[in-house]
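What the coordinates show
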Amino acid sequence: MEKIVVVVEEVEVARTALQWALQNILRCGDVVTLLHVYPSRNKKKLRRLRLKGFQLALSFRDICHAFPNTKTEIVVTEGEQDGRRIAAVVREIGASTLVLGLHDRSFLYRLISPQNNSIRNLDCKVLAVKDPTSLTSRSIPIQWSSTKMDFSQIEISMLR
């Protein structure tokens, strides 16, 4: 049984990444955890942000229902935009794979910066699904030999 974490964001490429993962890496008995991290900047809006994140995760869960034998969990948590909370949840769950949609504002660009040590012990595969119609032209440079991470950037042409 594999534990797969899918990052839930309000961008279409995140849904595309989930669909790609369900079609290409999910096996019977695997657990898919839909993870949404909302910012903790404004204390007055926390409840609304948490509810909005949960509703977004539920819409992703609806995609999972099209695949039989999919065990789906939802985690909505407060955190920062640089991805440290996502990395902590991935380690806590013991995930074997982290799936995310790669876009211009993706946390992954900040997560792999040399100043951020949280990625060094992620200890799982990272699959970044990139929609070629997006404006993202950056590639992800992985430069550390001490990083315990298997990274793949997947570019798809059309998924529907």
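Computed from a predicted structure; not experimentally measured.

Observations concerning the overall build of the chain
Scanning the chain from terminus to terminus reveals 4 helices and 6 strands. Across the chain, helices and strands are ordered from the amino to the carboxyl terminus as β-α-β-α-β-α-β-α-β-β. Taken over 160 residues, the chain has a buried fraction of 49%. Once local pairs closer than 6 in sequence are excluded, the contacts in the chain between residues at least 24 apart make up 80%. In the form shown here, the chain has an accessible surface area of approximately 8700 Å², with 48% of it arising from carbon and sulfur atoms.

Section: the pattern of salt bridges
What the rule picks out here adds up to 3 salt bridges. Across the pair Glu10 and Lys52 runs a salt bridge, and its minimum N-O distance is 3.6 Å. Linking Glu10 in the loop between β1 (3–7) and α1 (12–24) with Lys52 in helix α2 (residues 46–64), this pair joins segments that are 42 residues apart in sequence. The exposure class assigned to Lys52 is partly exposed, which follows from its relative accessible area of 41%. Where Asp30 meets Arg27, a salt bridge forms, and the shortest distance between an N and an O atom there is 4.0 Å. Accessibility expressed as a relative area gives 1% for Asp30, which makes it buried. Via salt bridges that share partners, Glu2, Arg27 and Asp30 belong to a single interconnected network.

Considering the side chain of Thr77
Mapped onto the elements, Thr77 comes out in strand β3 (residues 71–79). What makes Thr77 buried here is its relative accessible area of 13%.

Structural notes on the packing of α1 against α2
Running from amino to carboxyl end, α1 crosses α2 at an angle of 30°, the nearest separation of the two axes being 10 Å. Of the possible angle classes, the one that applies to α1 and α2 is roughly parallel. Along this stretch, α1 crosses α2, giving a crossing that reads as right-handed. Facing α1, whose interface residues are Ala14, Arg15, Leu18, Gln19 and Leu22, α2 presents Leu56, Ser59, Phe60, Ile63 and Cys64.

With respect to the environment of Val7
Within the fold, Val7 resides in strand β1. Residue classification places Val7 among the buried positions, given a relative accessible area of 3%.

Conventions used here
Residues numbered from 1 in each chain as written. Predicted model: local features only at pLDDT ≥ 70, side-chain atom pairs only at ≥ 80, totals over all residues. Heavy atoms only, no water. Helix = DSSP H or I, 4+ residues; strand = E, 2+ residues; numbered from the N terminus. Buried < 20%, exposed > 50% of the residue type's maximum accessible area, 1.4 Å probe, protein only. Contact = heavy atoms within 4.5 Å. Areas by Shrake-Rupley, 256 points an atom, 1.4 Å probe, with all protein chains shown as cover. Salt bridge = Lys/Arg side-chain N within 4 Å of Asp/Glu carboxyl O. Axes fitted to C-alpha atoms, helices over the stretch in contact; angles between N-to-C directions. Parallel < 35°, antiparallel > 145°, perpendicular 65-115°, else oblique. Left-handed = near helix turned anticlockwise from the far one by under 90°.

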